[in-house]
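# Structural description and commentary
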Amino acid sequence: MNPTAIRLSPLDNVAVCCRPIEAGERILVEERELVIDVAVPIGHKVAFVDLKKGDKVRKYGMPIGSVTVDAPAGSWVHLHNMKSDYLPAHMRDAAGDQA
Amino acid sequence: MMSGWLRSDGRKGIRNAIVVVYLVECAHHVARRIVDAAADPRVQLIGFPGCYPNDYALGMMKALTTHPNVGGVVLLSLGCESFNREALAANAQQNDRPVETVVIQEAGGTRKAIEAGIAAVARVRNLVDEQAVRVPLNISELVIGTICGGSDGTSGITGNPAVGRAFDTLIDAGAICIFEETGEMIGCEGHMAERAATPQIAEALVASVHKAERYYRAMGYGSFSPGNAEGGLTSQEEKSAGAYAKSGSRPIDGVILPAERAPGPGLYLLDVVPPGDPKFGFPNIVDNAEIGELIACGAHINLFVTGRGSVVGSAISPVVKICANPETFRRMEGDMDIDAGRILEGRATLDEVGKEIVALIEAVAQGQATRSEELGHQEFVLTYKSSAPSGPSCMPNAA
């Protein structure tokens, strides 16, 4: 059976969605049940465990940034609750403001 | 058995293009009219817009006009720009490429220059076809580049590692493979260093990524677009980890600079970030600027992994579009050569898609048109950049 979301490495604390997931949907990732907080598109990340502010987010077994706001297991993990440890990411409106 | 066009330096082309090159924006319109009149996909438009001289741009143009996929050259100059058209023409000639130059101010303006250019293209094309020598081509003689653009959260799971599998196969067969964008290797430098063929190469790899980080920090942005974020990527290092998967698993044999040829078979990182403080802006303003640099390094074909859905192709060397996201593939199938999103839906494995990519490379080398070629995509971008000679530590045979 094709998984709904996968962890790319056993070291990871986030899983990647293999299809769009509905808000409130219960999914199984490696036998752990996660209740997804909001609608999450394909390719986006959800918390596999409870993430605390300051934790490193790990994907591919590598740190990909830091948690900025506590994110319980099942939360969508993105710009609103994590950030790069290297360079700032930007969105279209932010880019406009800085121009 | 594949075959290719034999060039005087021993390299073999998989296409036999005639490039019409405008040497300043002021000659762009005339050059485009000449290309349009040819109505032949082999006659392709490339150019450089600036009036000020730039060593990088001249070096790029020398490499591009003598690329194995290029058979002949027509240069379009306004007349008063700084670009060294004589040096460019002489270089093409020394490499046995038929070359003609049209100078608009000498030809007598737009109409006469277009007429002269059309006649020049016809003469050059005839010479190219008369001189054409087809010889057997082995997979070990191919140079394959890879780039990702319009990346999203699927790119690093499907398309990029599938390209990595294809790269492993090609390198084992003796080909040259090039991955790029040191700015998209930020966070991966430690792992890359462990894969380096020598300690000197390890140092060069780490130094190139640190340079990229300094450069992008000064610019205020990483190599990260709003579309990357919409597609589920949150940070530069997350994008990097996915992009890095394109390089496969073989040892890294060196770091090369734009327009520089790899010294031997194996896997190379193309260092796209110029030396010193930012001078002319972003290292590469858009994907096609990077594709142009891979081609200038000799790439016959470039593997382009996209999640959000890029449509671009390129002048000179075919682009193979590998779609990482199954939703994007269903929406934009007409632009995509490979459906790597099947991996996400459990309909194919990474190894299967990797093999599919290698088989398609052989077919495209044999003349099969890619989707972007069928659609007439021949994008080309070349802008200003600072350049520096490559250090001996970058090469595998050094020290």
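A quick note: this is a predicted structure, and the numbers were derived from the prediction, not measured. (Residues numbered from 1 in each chain as written. Chains lettered and ligands numbered in written order. Predicted model: local features only at pLDDT ≥ 70, side-chain atom pairs only at ≥ 80, totals over all residues. Heavy atoms only, no water.)

### Notes on the overall build of chain B
Within chain B one finds 14 helices and 14 strands. In summary, chain B has a C-alpha radius of gyration of 20 Å against a globular reference of 21 Å for 399 residues, a match within 12%. Out of the 399 residues belonging to chain B, those deemed buried represent 62%. For chain B, the exposed surface amounts to about 14000 Å²; the carbon and sulfur share of it is 52%. Separation between the mean location of the 34 positive side-chain charges and that of the 47 negative ones in chain B comes to 4 Å. (Helix = DSSP H or I, 4+ residues; strand = E, 2+ residues; numbered from the N terminus. Rg over C-alpha atoms; globule rule 2.2 N^0.38 Å. Buried < 20%, exposed > 50% of the residue type's maximum accessible area, 1.4 Å probe, protein only. Areas by Shrake-Rupley, 256 points an atom, 1.4 Å probe, with all protein chains shown as cover. Lys, Arg positive; Asp, Glu negative; His and termini not counted. Charge placed at Lys NZ, Arg CZ, Asp CG, Glu CD.)

### Brief notes about the overall build of chain A
Scanning chain A from terminus to terminus reveals 1 helix and 9 strands. Of all 99 residues assigned to chain A, the portion counted as buried reaches 43%. Put simply, 41% of the contacts in chain A that link residues at least 6 apart link residues at least 24 apart. Accessible surface, chain A: about 5000 Å² in total, of which carbon and sulfur atoms supply 55%. (Contact = heavy atoms within 4.5 Å.)

### Quick notes on the interface of chain A and chain B
Each partner contributes residues to the interface: chain A has 31 residues there, and chain B has 36 residues. Buried area between chain A and chain B, both sides added, is near 2800 Å², and the carbon and sulfur share of it is 61%. For the pair chain A and chain B, the interface holds 2 salt bridges. Between Lys-45 of chain A and Glu-238 of chain B there is a salt bridge, and its shortest N-O distance comes to 2.9 Å. Counting across the chain A and chain B interface gives 13 residue pairs in polar contact (both at pLDDT 80 or more). Contributing elements (two or more residues each) for the side of chain A that touches chain B: β7 (62-67) and α1 (92-98) of chain A. Considering only residue class, the side of chain A that touches chain B consists of 19 nonpolar, 8 polar and 4 charged. (Buried area = accessible area lost by both parts, 1.4 Å probe. Salt bridge = Lys/Arg side-chain N within 4 Å of Asp/Glu carboxyl O. Polar contact = N/O pair within 3.5 Å; in protein donor to acceptor, adjacent residues only side chain to side chain. Nonpolar A, V, L, I, M, F, W, Y, C, P; charged D, E, K, R; others polar.)

### Remarks on the sheet that holds strand β12 (residues 301-306) of chain B
Residues and elements named next belong to chain B. Read from one edge to the other, the open sheet built from 7 strands follows the order β10-β11-β9-β8-β12-β13-β14, with strand pairing classed as parallel. Pairing within the sheet leaves two strands with one partner each, and these edge strands are β10 (252-256) and β14 (338-339). In this sheet, β14 lies alongside strand β13 (residues 319-323) in parallel orientation, the contact comprising 2 bridges. Residue pairing across strands places Ile-322 opposite Ile-338, the latter belonging to β14. Sitting on the sheet, helix α13 (residues 350-365) is in contact with β8 (143-148), β12, β13 and β14, with an inclination near 140 degrees to β12. (Pairing = 2+ DSSP bridges. Axes fitted to C-alpha atoms, helices over the stretch in contact; angles between N-to-C directions.)

### Topic: the environment of Ala-218 of chain B
Residues and elements named next belong to chain B. Position of Ala-218 relative to the elements: it lies in helix α8 (residues 199-219). Residue Ala-218 is classed as exposed on the basis of its relative accessible area of 54%. Separated by 60 residues in sequence, Ala-218 and Pro-278 have C-alpha atoms that sit 7.3 Å apart.

### Focus: α13 of chain B
Residues and elements named next belong to chain B. Spanning 16 residues, α13 covers 23 Å between terminal C-alpha atoms, matching the ideal 22 Å at 1.5 Å per step. All of the buried residues along α13 are Leu-350, Val-353, Gly-354, Ile-357, Val-358, Leu-360, Ile-361, Val-364 and Ala-365. Down the axis of α13, the buried side of the element spans an arc of 160 degrees, and every buried residue falls inside it. Count one or two residues on from α13 and you reach Gly-367, which has phi positive near 120 degrees. (Expected span 1.5 Å × (residues − 1). Arc of directions from axis to C-beta.)

### A look at the environment of Asn-288 of chain B
All names here are of chain B. Mapped onto the elements, Asn-288 comes out in helix α11 (residues 287-296). A relative accessible area of 5% means that Asn-288 is categorised as buried. For the pair Asn-288 and Asp-55, spaced 233 residues apart in the sequence, the C-alpha separation amounts to 20 Å. Filtering out sequence-adjacent residues up to four positions away, Asn-288 remains in contact with Val-312, Gly-313, Ser-314, Glu-379 and Val-381. Within the structure, Asn-288 has its side chain in polar contact with the backbone oxygen of Gly-313 (distance 2.9 Å).

### Things to note about unusual backbone geometry
The phi dihedral of Tyr-60 of chain A falls on the positive side, at around 60 degrees, and the residue is not glycine. Phi at Ala-259 of chain B takes a positive value of approximately 75 degrees, unusual for a residue other than glycine. Secondary-structure assignment places Ala-259 of chain B in the loop between β10 and β11 (266-270).

### Here's the deal with the nonpolar core
Residues and elements named next belong to chain B. Core analysis: the largest hydrophobic core is formed by 97 residues, its most contacted members being Met-61, Phe-167, Leu-303 and Ile-357. Counting residues domain by domain, this core receives three or more from each of domain 1 (2-135) and domain 2 (139-394). Ignoring anything within four residues of it in the chain, the contact list for Phe-167 reads Ile-144, Gly-145, Thr-146, Cys-177, Ile-178, Phe-179, Lys-246, Ser-247, Leu-267 and Leu-303. Ala-27, Ala-38, Leu-78 and Val-124 belong to the second largest nonpolar core, which has 23 residues in total. (Core = buried A, V, L, I, M, F, W, Y, C linked by side-chain atoms within 4.5 Å. Domains from an automatic or database assignment.)

### Points about the packing of helix α2 (residues 55-65) of chain B against α11 of chain B
All names here are of chain B. In contact at an axis separation of 8 Å, α2 and α11 are set at 60 degrees when each is read in the N-to-C sense. Considered as vectors, α2 and α11 are oriented oblique to each other. Two packed elements cross with a definite hand, and for α2 against α11 that hand is left-handed. Along the contact surface, α2 presents Tyr-56, Met-60, Ala-63 and Leu-64, while α11 presents Gly-292, Glu-293, Ile-295 and Ala-296. Counted by class, the contact of α2 with α11 contains 6 nonpolar, 1 polar and 1 charged residues. (Parallel < 35°, antiparallel > 145°, perpendicular 65-115°, else oblique. Left-handed = near helix turned anticlockwise from the far one by under 90°.)

### Some points on the domain arrangement of chain B
All names here are of chain B. Assigned domains of chain B: these are domain 1 (2-135) and domain 2 (139-394). Between the C-alpha centres of domain 1 and domain 2 the distance comes to 27 Å. In this complex, domain 1 contributes 35 residues to the contact, which on the side of domain 2 involves 35 residues. Of the roughly 2700 Å² buried between domain 1 and domain 2 on both sides combined, carbon and sulfur atoms contribute 58%. Sorting the residues of domain 1 by area buried against domain 2 places Met-2, Arg-15 and Tyr-56 first, and these three jointly supply 27% of that buried surface. The interface formed by domain 1 and domain 2 contains 3 salt bridges. In this structure, Glu-373 and Arg-15 form a salt bridge, with 2.9 Å as the shortest nitrogen-oxygen distance.

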